[in-house]
Amino acid sequence: MGTKHSDSKAVQEAPPFKIRRAQRQDMARCGEILNGWIDETPWMPRVHSHEDVVRYHTDFVFDNRAVLVAENDGNEVQGFAATSADAVVTGFYLAPEARNKGIGHQLLSRVKQANPSGLGLWTFVANTGAQRFYEREGFSEQRRTDGDNEENLPDILYSWQPEGAAT
């Protein structure tokens, strides 16, 4: 497998995968991906139980967000993006085995296509990898908070405007 170099890290080429609209049965896997990220991230407090995270994605996120999933050639969801009606990305997570393979770029590109007027999103100050990713993808920092969220962690609001769009 070849590699591409970006941000001084080798990025493996993406294995075969497709991006599609989520179906309700995908949402438990989306919750599991988020749970896995919380569990592997030392600075991230667990605010909700594993079961509540899965239930929230199945019952609320599916009904109230536009959700895209990245699926591997074995039909397993490897990542997801959830966007609110006001063009805010409210969830963007990849399974560990899907990271640094170009899948996040492709998934975010589809979210941008679906939101041609621009996007907003929040990420935690401690999540420097996400910050580098979003900045490479054309997002710019708008403001910071000292933890005005349920995790009580400092965060950053980013926005993306397509080229030529009014800011």
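Here the structure is shown first, and the text comes after it.
Since the model is a prediction, treat every value here as computed from it, not as a measurement.

Caption draft 1: Just the overall build of the protein chain, in detail. When helices and strands are counted, the protein chain shows four helices and nine strands. Secondary structure elements in the protein chain, listed N-terminal to C-terminal, are β-β-β-α-α-β-β-β-α-β-α-β-β. Burial statistics for the protein chain: of 167 residues in total, 43% are counted as buried. Sequence-distant contacts, at least 24 apart, represent 56% of the contacts inside the protein chain between residues at least 6 apart. As presented, the protein chain carries roughly 9300 Å² of accessible surface, and 47% of it is formed by carbon and sulfur atoms.

Caption draft 2: Region of interest: the sheet that holds strand 3 (residues 17–21). Taken together, seven strands build an open sheet; the order of strands is 3-4-5-6-7-9-8 and the sheet is mixed. Edge positions in the open sheet fall to strand 3 and strand 8 (140–145), since each of these has one partner strand only. In this sheet, neighbouring strand axes are inclined to one another by 25° on average, regardless of whether the strands run parallel or antiparallel. With five bridges connecting them, strand 5 (residues 77–83) and strand 6 (residues 88–94) associate as antiparallel partners. Counted as the bridge partner of Gly79 is Leu94 from strand 6. Where helix 1 (residues 27–40) meets the sheet, it contacts strand 4 (66–72), strand 5, strand 6 and strand 7 (119–124), and its direction lies at approximately 95° from that of strand 5.

Caption draft 3: Main features of helix 4 (residues 128–136). Within helix 4 the residues assigned to the buried category are Ala130, Gln131, Phe133 and Tyr134. For helix 4, the angular spread of buried residues about the axis comes to 165°, placing them on one side. Elements that come into contact with the buried residues of helix 4 comprise strand 6, helix 3 (103–114), strand 7 and strand 9 (155–160). Count one or two residues on from helix 4 and you reach Gly138, which has phi positive near 95°.

Caption draft 4: The pattern of salt bridges, seen in detail. For the structure shown, the criterion picks out 11 salt bridges. Taking the shortest distance from any N to any O, the salt bridge between Asp63 and Arg24 comes out at 2.5 Å. You can see Asp63 sitting in helix 2 (residues 50–64) and its partner Arg24 sitting in the loop between strand 3 and helix 1, a full 39 residues away along the chain. Overall, the relative accessible area of 47% leaves Asp63 in the partly exposed class. On the basis of relative accessibility, which here comes to 36%, the residue Arg24 falls in the partly exposed class. The salt bridge involving Arg55 is made with Asp52; its shortest N-O contact spans 2.3 Å. Note that Arg55 and Asp52 are positioned in helix 2 at a spacing of three residues, about one turn of the helix. Accessibility expressed as a relative area gives 34% for Asp52, which makes it partly exposed.

Caption draft 5: Spotlight on the nonpolar core. If you look at the biggest cluster of nonpolar residues, it comprises 22 residues, and the most contacted ones within it are Phe92, Leu107, Leu108, Val111, Leu119, Tyr134 and Phe139. Where this core is concerned, the elements lending two or more residues are strand 4, strand 6, helix 3, strand 7, helix 4 and strand 9. Excluding anything up to four places from it in sequence, Phe139 contacts Leu108, Lys112, Leu119, Leu121, Tyr134, Tyr158, Ser159 and Trp160.

Analysis parameters
- Position numbers for residues count from 1 along each chain, tracking the sequence in the order it is written.
- The predicted nature of this model means local features are confined to residues of pLDDT at least 70 and side-chain atom pairs, given and counted, to a pLDDT of 80 or more, with totals for whole chains, interfaces and linings taken over all residues.
- As a convention, hydrogens and water are excluded, and side-chain values are obtained from all of the structure's heavy atoms.
- Put simply, DSSP marks the helices as runs of H or I at least four residues long and the strands as runs of E at least two long, and each gets a number from the N terminus on.
- Here the term buried applies to any residue with accessible area under 20% of the maximum for its type, exposed to any over 50%, and partly exposed to those in between, with areas from a 1.4 Å probe on protein chains only.
- By definition, residues are in contact when any of their heavy atoms lie within 4.5 Å.
- With residues, only the protein chains shown are counted as cover, and all accessible areas are computed by Shrake-Rupley using a 1.4 Å probe.
- Any two strands with at least two DSSP bridges between them are considered paired.
- The convention used is that axes are lines fitted to C-alpha atoms, helices contributing only their stretch in contact, and that angles between N-to-C directions extend from 0 to 180 degrees.
- Summarising the geometry, the arc corresponds to the directions from the helix axis toward the C-beta atoms.
- Salt bridges are defined by distance alone: a side-chain nitrogen of Lys or Arg within 4 Å of a carboxyl oxygen of Asp or Glu.
- Buried Ala, Val, Leu, Ile, Met, Phe, Trp, Tyr and Cys residues form a nonpolar core when they are joined through side-chain atoms within 4.5 Å.

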